[in-house]
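Remarks on the overall topology
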Amino acid sequence: MGFATDAIHVGQEPDPATGAIVAPIYQTSTYVQDELGKNKGYDYARTAHPNRRALERTMAKLEGGSAAFVFTSGMAAIDSVFRLLRPGDHAIISDAVYGGVIRLTTQFLLQWNLKFSFVNTSSVAEVERAIQPNTKMIYIETPTNPTMNVTDIAAVAKVSAAHKATLVVDNTFLSPYLQSPIALGAQIVVHSMTKYLNGHSDSVSGAVVLERPADAEKIYFLQRSTGAGLAPMDCFLVSRGIKTLAVRMKQHDANGRTIARFLEDHPHVKCVHYPGLPSHPQHEIAVRQQRGFGAMISFDVVTLENARTVLNHVKLCSLAESLGGVETLISHPATMTHASVPPETRQKIGITDGLIRLSVGIEDVEDLIADLDQALRRI
Ligand SMILES: Cc1ncc(COP(=O)(O)O)c(C=O)c1O
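Residues numbered from 1 in each chain as written. Predicted model: local features only at pLDDT ≥ 70, side-chain atom pairs only at ≥ 80, totals over all residues. Heavy atoms only, no water.

Observations concerning the overall build of the protein chain
Put simply, the rule is: Put simply, DSSP marks the helices as runs of H or I at least four residues long and the strands as runs of E at least two long, and each gets a number from the N terminus on. Our radius of gyration is a C-alpha quantity, and the globule rule it is checked against amounts to 2.2 Å times the number of residues to the power 0.38. Buried, partly exposed and exposed residues are distinguished by accessible area as a fraction of the type maximum, computed with a 1.4 Å probe on protein chains only: under 20%, between the cut-offs, and over 50%, respectively. We get accessible surface area from the Shrake-Rupley algorithm with a probe of 1.4 Å; when it comes to residues, only the shown protein chains can shield them.
Counting its regular elements, the protein chain contains 14 helices and 12 strands. What you see for the protein chain is a C-alpha radius of gyration of 21 Å, in line with the 21 Å of a compact globule of 379 residues. Projected onto its principal axes, the C-alpha positions of the protein chain cover 70 × 50 × 35 Å. Here the protein chain, with 379 residues, has 56% of them falling under the buried criterion. Entry remark: accessible area of the protein chain is about 15800 Å², with carbon and sulfur atoms responsible for 55%.

Shown next, in the form of structure tokens:
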């Protein structure tokens, strides 16, 4: 079946008990047992529940994995993946990765004697140079948040396979509609489902999709042991959001391309980071490995004062963290999403004080352009 059909039907079958076209929200903590040692497949909702199982089936299908597990946030999902490492192991991570991953690894996971190297994974040569005898994982985000660097997944997959390391890809920015990391050679895909998969900015959630059953067993052990599995209501919201993922992503992608071109031509914009523009340094890779360019754009207006002017004068775009919803959000990475990243690291990875991030929604694109234009003209 095609992607849109799978998104609507896999894990989203009518309820067999009543025929309800939408499966109910199983808002219960426990399940009555038929007799000692015999139940109907569920015993306690931390371990598993029907809404979670349903969403996990959808996610495994859409990403082409053998299994998926959904968590209370993207960070909870990512944390479970890093727990596959053992003391003494080394992981290579994209240097421009989401700030929460930098915080988790450098301020917490280091104490378990794990070693991390942050490298520009857009350069396969740099990834190869960073390999050590104990490298067990390569963790990439592509495109990166918010600098939009693209990593060649298939090329890095060759390096990781040659060194028997696990390749993990954060596919949040494109969603499985626009990019399939497992088909390109990754073993694990992670998501902040808070973003495009949910798509309506009304719940926080994450997913881990696994290619190898042995990894799936470990992640399921962690999910039920630590209790960070996603609750029924949130699973329901994400499952509902996924039904329209294909149509939403088509519109996000169309609006993203139009706005990126508008910004590139604007006199008050110094540069635009969007893999769909021929000026983007990894445009060719994006054309090859993505099925579109999505709706995340960052652009530089040179100074913090200029950025403040734009952010304080937009009317339709909302000044807020997060991304991937139907409404357009605008933010200032240096003081918002990436404030926890040390200033020298921000400088190194290109998060300047004049950088603004846009999560382009699916409103009428002319209205978005008019709003951005009037705010930019205040500079
Ligand atoms: C690319 C990326 N990965 C992971 C996360 C973390 O997800 P969550 O906020 O759902 O924990 C984010 C959050 O913004 C993100 O942008």
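Structure's up, so let's keep going.
Some words on the site of the ligand
In plain terms, the rule: We define proximity as follows: a residue is near a molecule or strand when any one of its heavy atoms falls within 4 Å of that partner. Under the rule applied, a polar contact is a pair of N or O atoms within 3.5 Å (in protein, one hydrogen donor and one hydrogen acceptor; residues adjacent in sequence only if both atoms are side-chain atoms). Residue polarity follows a fixed list, in which Ala, Val, Leu, Ile, Met, Phe, Trp, Tyr, Cys and Pro are nonpolar, Asp, Glu, Lys and Arg are charged, and the others, Gly among them, are polar.
Inspection of the region around the ligand gives 14 residues, with Gly-74, Asp-170, Ser-192, Thr-194 and Lys-195 positioned closest. The side chain of Asn-145 places a nitrogen or oxygen atom 2.9 Å from an oxygen atom of the ligand. For the ligand, whose unbound accessible area comes to 390 Å², protein coverage reaches 91%. Among the elements that take part in the shell around the ligand, helix α3 (residues 74-82) stands out by supplying 3 residues, more than any other. Among the residues forming the shell around the ligand, the class breakdown is 4 nonpolar, 7 polar and 3 charged.

Thoughts on helix α6 (residues 153-162)
Condition: What the arc measures is the spread of directions leading from the helix axis to the C-beta atoms.
For α6, the set of buried residues is Ile-153, Val-156, Ala-157, Val-159 and Ser-160. Looking straight down α6, one finds its buried side chains confined to an arc of 160°; they lie on one side. Residues of α6 that are exposed and point over 90 degrees away from its buried face: Lys-158, Ala-161 and Ala-162. Taking the backbone nitrogen of Ala-154 as reference, a side-chain oxygen 3.3 Å away marks Asp-152 as the first, capping residue of α6. With its phi angle positive at about 55°, Lys-164 sits one or two positions after the end of α6.

What to know about the packing of α3 against helix α4 (residues 99-107)
We count it as follows: Axis lines are fitted through C-alpha atoms, for helices just across the contact stretch, and the angle between N-to-C directions can take any value from 0 to 180 degrees. Throughout this description, any angle smaller than 35 degrees is read as roughly parallel, any larger than 145 degrees as roughly antiparallel, any in the 65 to 115 degree range as roughly perpendicular, and the remainder as oblique. With the far helix as reference, a near helix turned anticlockwise by less than a right angle produces a left-handed crossing, and one turned clockwise produces a right-handed crossing. Any two residues whose heavy atoms approach within 4.5 Å are treated as being in contact.
Relative to each other, α3 and α4 sit at 40°, their axes nearing to 11 Å. The orientation of α3 with respect to α4, classified from their angle, is oblique. Of the two elements, α3 crosses α4, and the hand of that crossing is right-handed. Only Gly-100, Val-101, Leu-104 and Thr-105 of α4 make contact with α3, whose side of the interface consists of Met-75, Ile-78, Asp-79 and Phe-82. When the residues that make up the contact of α3 with α4 are grouped by side-chain class, the tally is 5 nonpolar, 2 polar and 1 charged.

Here we look at the packing of aromatic side chains
Each aromatic ring pair is specified by the distance between its two centres and by the angle formed by the two planes. Basically, it comes down to this: Note on ring pairs: Phe, Tyr and Trp rings are taken, using the six-membered ring of Trp, and paired if centres are within 6.5 Å. Classes follow the plane angle, with under 30 degrees stacked, over 60 edge-to-face and the rest tilted.
Under the defined criterion, the tally for this structure stands at 7 aromatic pairs. Geometrically, the ring pair formed by Phe-3 and Tyr-177 is edge-to-face, given 5.3 Å between the ring centres and 70° between the ring planes. Pair noted here: Phe-3 is in helix α1 (residues 3-9) and Tyr-177 is in helix α7 (residues 175-178), with a separation of 174 residues, a long-range link. An angle of 35° between the planes, with centres 5.6 Å apart, marks the rings of Tyr-31 and Tyr-42 as tilted. One end of the pair, Tyr-31, is in the loop between α1 and α2 (50-63); the other, Tyr-42, is in the loop between α1 and α2, with 11 residues separating them in the sequence. The rings of Phe-82, Phe-116 and Tyr-139 are connected pair by pair, giving a single aromatic cluster.

Brief notes about the pairing of strand β1 (residues 67-71)
Cut-off, in case you're wondering: Paired strands are those between which DSSP finds at least two bridges.
Within β1, 5 of the 5 residues are buried, leaving the element largely enclosed by the surrounding structure. Neither face of β1 is exposed, since Ala-67, Phe-69 and Phe-71 on one face and Ala-68 and Val-70 on the opposite face are all buried. The pairing of β1 with strand β7 (residues 206-210) spans 5 bridges and is antiparallel. Bridging across to β7, Phe-71 finds its partner in Gly-206.

Concerning unusual backbone geometry
Between Thr-142 and the following residue, Pro-143, the backbone shows a cis peptide bond with an omega angle of -5°. Structurally, Pro-143 is set in the loop between β4 (135-141) and α6. Despite not being glycine, Ser-175 has its phi angle at roughly 70°, a positive value. Assignment of secondary structure puts Ser-175 in helix α7. Residue class for Ser-175 comes out buried when judged on its relative accessible area of 0%.

A look at the sheet that holds β7
Each strand in a sheet pairs with its neighbour through backbone hydrogen bonds, running either in the same direction (parallel) or in the opposite one (antiparallel). Pairing in this open sheet of 7 strands is mixed, and the strands run β1-β7-β6-β5-β4-β2-β3 from one edge to the other. The open sheet has two free edges, formed respectively by β1 and β3 (115-119), since each of these has just one partner strand. Pairs of neighbouring strands in the sheet enclose a mean axial angle of 20°, with direction left out of account. In the sheet, strand β2 (residues 90-94) pairs with β3 via 5 bridges, with the strands oriented parallel. Paired with Ala-91 across the bridge in β3 is Phe-116. Where α2 meets the sheet, its contacts fall on β1, β6 (188-192) and β7, and the angle it forms with β1 comes to roughly 125°.

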